[in-house]
Amino acid sequence: MSARLILLFILSTSLTAAQPNYTRIRGAFGAEMFGIAPKGAFTAEAAYGYSKISFWNIQAGIGAVAERGFRSPAFSAALTHCFILNPYKRRSCIPQPGYRNIETYFEAGLGSFFVDLYDRGLHGGTNGQRLITPAGIAGLRINLVTDRWIYILKLRYTPPLIANPLASYAGAGVALGWR
């Protein structure tokens, strides 16, 4: 059932996926819910390594844990490679306002969150939580480019690579970026 919904979502974005250009992003600030963040996180990200069809993105965040009474923050980090979903010619440019200002990308990479093992008695090993909890990342990234800002929506599937009780299998994020 979920595979059908994902396929339907990808097919419905086919018109926005056919842009001939993409915009370089220097950095962004945003928020993420679930995914690599146990409950939610405020994030900062930077893009680098641009090629004609892709770029690398690094993200770091600080947030909360999805268990009651947890006092320590959780730190998250991700490294992803974003591929433009574009069957036509690809080149970097600054698009004209109102003209092909929605850009879509496939995002894949690795992420993790870090927690304090000594908070809430996690060091006792009763719930199996680890200090570092890596996860894979696969998702859709949609950028709305305006004259001044780039509004980013990220929908991610984040299966944990090591089983842990705090991890979630999906997440969403929003960010505000600049060129």
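Quantities reported herein were computed from a predicted structural model and do not represent experimental measurements.

Right, let's talk about the pairing of strand 2 (residues 27-34) for a bit. With 7 bridges connecting them, strand 2 and strand 3 (residues 40-48) associate as antiparallel partners. Opposite Gly 30, over in strand 3, you have Thr 43 as the bridge partner. Between the antiparallel neighbours strand 2 and strand 3 lie 5 residues, among them Gly 35 with a positive phi of about 65°. Across 8 bridges, the pairing between strand 2 and strand 10 (residues 170-178) is antiparallel. Note that in strand 10 the partner of Phe 29 across the bridge is Leu 176.

Within a regular strand, side chains alternate between the sheet's two faces. Inspection of the sheet shows strand 4 (residues 54-64) paired to strand 5 (residues 74-84) by 10 bridges, in the antiparallel sense. Bridge assignment links Ala 60 to a residue of strand 5, and that residue is Ala 77. In the sheet, strand 5 pairs with strand 7 (residues 102-114) via 10 bridges, with the strands oriented antiparallel. If you follow Leu 79 over to strand 7, its bridge partner there is Leu 110.

This brings us to the environment of Ile 152. Here Ile 152 lies in strand 9 (residues 150-157). Linking Ile 152 and Ile 142, residues 10 residues apart in sequence, is a C-alpha distance of 5.8 Å.

With that settled, consider the side chain of Lys 154. Mapped onto the fold, Lys 154 is located in strand 9. Within the local environment of Lys 154, its side chain forms a polar contact with the side chain of Gln 59, the two groups lying 3.2 Å apart. If near-sequence neighbours (up to four positions away) are discounted, Lys 154 is found in contact with Glu 32, Glu 45, Gln 59, Glu 107, Leu 140, Arg 141, Gly 171, Ala 172 and Gly 173.

Rules used throughout
- Residues numbered from 1 in each chain as written.
- Predicted model: local features only at pLDDT ≥ 70, side-chain atom pairs only at ≥ 80, totals over all residues.
- Heavy atoms only, no water.
- Pairing = 2+ DSSP bridges.
- Helix = DSSP H or I, 4+ residues; strand = E, 2+ residues; numbered from the N terminus.
- Polar contact = N/O pair within 3.5 Å; in protein donor to acceptor, adjacent residues only side chain to side chain.
- Contact = heavy atoms within 4.5 Å.

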